[in-house]
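Working through the structure, step by step
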Number of protein chains: 2
Amino acid sequence: MISILLFEDNKNLRESLSLYLAGTDGLWLSGAYADATEAVKLVKKYKPDVVLMDIQMPHLSGIEAMRAIKKVNPEVKVLIQTVFEDDDKIFAAICAGANGYIIKNPKAETYVQAVTDVYNGGSHLSPSIAAKVMKMFQNQFVQKEQTYVSLTQREKEVLQCMVKGMSYKMVADACDISFNTVHSHVKNIYEKLHVNSAPEAVVKALEMRLV
Amino acid sequence: MISILLFEDNKNLRESLSLYLAGTDGLWLSGAYADATEAVKLVKKYKPDVVLMDIQMPHLSGIEAMRAIKKVNPEVKVLIQTVFEDDDKIFAAICAGANGYIIKNPKAETYVQAVTDVYNGGSHLSPSIAAKVMKMFQNQFVQKEQTYVSLTQREKEVLQCMVKGMSYKMVADACDISFNTVHSHVKNIYEKLHVNSAPEAVVKALEMRLV
DNA sequence: CGGTAAATCCCCAATATTGGGGATAAAGCT
DNA sequence: AGCTTTATCCCCAATATTGGGGATTTACCG
């Protein structure tokens, strides 16, 4: 049973959504409110699994409300629903820790799917939103030619350890291999990345998102 | 009618997927191939609406194949399907212009949904992938808890040099100070950041956006 | 004026890293 | 059966880093 708390200022939509969610097997509607100013208190009271939050609300915006909720209960999943597809709203919502972002939809089943997805630890994005997010992603990282470097599994592991600031000894311990083997892997990594010190390798690894 | 071209090296999956897609109303399977080396030619020949591409293929990886296709026919939608959830693969796929990224799934309907979504100009991401993408997004733009550390001007300069992968000698040269002075600054930096090696300091500096 | 912070420089010794060899075993490919 | 890759291990010697001291100058603040 997934328990849900709904915030939606539009009376019509709130009531029809409530009706639908409450009547769906596997879902439990803990409450439906037109205002998010009390959101933190309500979350504390009902301990819902998922909060379904309209982005545009009087007094306190859905994003602000989510930020407040996440601050106190980071484990509560928040699903943003809205009619807005502005890049900046999407951006703000994601940065504030939204677990999903769906466009208000005539198809009620998408709500069930989205709620289930976020409840299970995934994220749910409406197709148009996903497209925008991926576009933003591309724009952000158009930068460097990814001269693709293929590190082996072990090499990646070792590199990951190095990024965590571990010394050869600690890496050896963490990967359960000998100091000498770590040394060998490091030599190979340096060769492949064309660097010759740990700090350089770490920076390059982060840049290239190899870890 | 949405026409589809399928690339999947696993015979079993290729055949069962072919069967399923070909038998679905509204979809038309133009072809199914185990190898993507001819992908560009095949796309030119069949002009599919959507290419369903496995990421791991012999000879030519799905991402490379997609890059080639997008170069010639940017309007063709490419849906990546894979068992991999590595950040770097997801990242590479998105940067190369993927229109969707789905985890190989026992539920065949998700394929139809995904194909339809990308055909309609949206993107489709499996929940776990969407979660990773949003996480990457957050990591990129939201700075972590700033336990404020006040580094002096010189210390910041030295740290910046270290992030560039420079050795003490090179830093000394770049800042026009002696090796010993660099050493002193480094000691102070390590003290302030509570670390005791260059890689750790670099990671912390990047995390804290001190540079 | 005295105190403090920043920046500069130096010495020493213990570790750690780097780069150069080389070797073996398992797995995969041709 | 050979070849390559990956992962594993070892030795040695040259550098580099780290951590512990201490010292001087400059500048700023009350």
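It should be noted that the structure appears before, not after, this text.
Computed from a predicted structure; not experimentally measured.

The next thing to look at is the protein's contact with DNA strand D. Among the 19 residues in the neighbourhood of DNA strand D, the closest are listed as Thr 152, Ser 178 and Ser 184 of chain A together with Tyr 168 and Lys 187 of chain B. When the atoms of DNA strand D within 4 Å of the protein are grouped by moiety, sugar and phosphate amount to 62% of the total. Among the elements of the structure, α7 (153-163) and α9 (179-193) of chain A together with α8 (168-175) and α9 (179-193) of chain B are those that each provide at least two residues to the surface near DNA strand D. Broken down by class, the residue content of the surface near DNA strand D amounts to five nonpolar, eleven polar and three charged.

In this section: the sheet that holds strand β5 (residues 100-103) of chain B. Residues and elements named next belong to chain B. In spatial order, the strands read β2-β1-β3-β4-β5-β6; together these six strands make up an open sheet with parallel pairing. Edge positions in the sheet fall to β2 (27-33) and β6 (124-125), since each has one partner strand and no second. Direction of pairing for β5 relative to β6: parallel, over a ladder of two bridges. Bridge pairing links Gly 100 to His 124 in β6. Contacts from helix α1 (residues 11-22) reach β1 (2-7), β2, β3 (50-54) and β4 (77-82), with the element oriented near 160° to β2. Where helix α2 (residues 39-46) meets the sheet, it contacts β1, β2 and β3, and its direction lies at approximately 160° from that of β1.

For the structure shown, the criterion picks out 19 salt bridges over all chains. Salt-bridge contacts for Arg 154 of chain A lead to Glu 157 of chain A; the nearest nitrogen and oxygen are separated by 2.8 Å. Taken together, the residues span about one helical turn, with Arg 154 of chain A and Glu 157 of chain A both in helix α7 at a distance of three residues. For Arg 154 of chain A, a relative accessible area of 29% corresponds to the partly exposed category. Glu 157 of chain A sits in the partly exposed class, given a relative accessible area of 26%. A salt bridge links Lys 104 of chain B to Asp 54 of chain B; the shortest N-O distance between them is 3.4 Å.

Moving on, we get to the sheet that holds strand β2 (residues 27-33) of chain A. Each strand in a sheet pairs with another by means of backbone hydrogen bonds, the pair being arranged parallel or else antiparallel. Residue and element names in this part refer to chain A. Here we have six strands laid out as an open sheet, ordered β2-β1-β3-β4-β5-β6, and parallel in their pairing. Sheet topology places β2 and β6 (124-125) at the edges, where each strand pairs with a single neighbour. Two elements, strand β1 (residues 2-7) and strand β3 (residues 50-54), share four bridges in a ladder whose sense is parallel. For Leu 6, the partnering residue across the bridge sits in β3 and is Leu 52. Sitting on the sheet, helix α1 (residues 11-22) touches β1, β2, β3 and β4 (77-82), and the angle it makes with β2 is about 160°.

As a structural note, the neighbourhood of DNA strand C is formed by 18 residues, with Tyr 168 of chain A together with Thr 152, Arg 154, Ser 178 and Ser 184 of chain B the closest of them. Taking the atoms of DNA strand C that fall within 4 Å of the protein, sugar and phosphate contribute 62% of them. In this structure, a phosphate oxygen belonging to DNA strand C sits 3.1 Å away from a side-chain N or O atom of Asn 180 of chain B. One nitrogen or oxygen atom from the side chain of Ser 184 of chain B is found 2.6 Å from a base nitrogen belonging to DNA strand C. Those elements that provide at least two residues to the surface near DNA strand C are α8 (168-175) and α9 of chain A together with α7 (153-163) and α9 of chain B. In terms of residue count, α9 of chain B provides more of the surface near DNA strand C than any other element does, four residues in total. Looking at the surface near DNA strand C residue by residue, the classes come out as four nonpolar, eleven polar and three charged.

With that out of the way, let us pick up the interface of chain B and chain A. The interface is formed by 37 residues belonging to chain B together with 37 residues belonging to chain A. Interface area, chain B with chain A, both sides summed: about 3,100 Å², of which 74% is carbon and sulfur. Taken as a group, Phe 91, Met 134 and Phe 137 of chain B account for 23% of the area that chain B buries against chain A, more than any other trio of residues on that side. There are one salt bridge connecting chain B and chain A. Here Asp 88 of chain B ties to Lys 156 of chain A by a salt bridge, and the two come within 3.5 Å at their closest N and O atoms. Our enumeration of links across chain B and chain A arrives at two residue pairs in polar contact (both at pLDDT 80 or more). Breaking the side of chain B that touches chain A down by element, the ones donating at least two residues are α4 (87-95), α6 (127-141), α7 and α10 (198-207) of chain B. For the side of chain B that touches chain A, the leading source of residues is α6 of chain B, giving eleven residues. Residues belonging to the side of chain B that touches chain A are distributed by class as follows: 21 nonpolar, eleven polar and five charged.

Rules used in this analysis
- Residues numbered from 1 in each chain as written.
- Chains lettered and ligands numbered in written order.
- Predicted model: local features only at pLDDT ≥ 70, side-chain atom pairs only at ≥ 80, totals over all residues.
- Heavy atoms only, no water.
- Near = heavy atom within 4 Å.
- Helix = DSSP H or I, 4+ residues; strand = E, 2+ residues; numbered from the N terminus.
- Nonpolar A, V, L, I, M, F, W, Y, C, P; charged D, E, K, R; others polar.
- Pairing = 2+ DSSP bridges.
- Contact = heavy atoms within 4.5 Å.
- Axes fitted to C-alpha atoms, helices over the stretch in contact; angles between N-to-C directions.
- Salt bridge = Lys/Arg side-chain N within 4 Å of Asp/Glu carboxyl O.
- Buried < 20%, exposed > 50% of the residue type's maximum accessible area, 1.4 Å probe, protein only.
- Polar contact = N/O pair within 3.5 Å; in protein donor to acceptor, adjacent residues only side chain to side chain.
- Buried area = accessible area lost by both parts, 1.4 Å probe.

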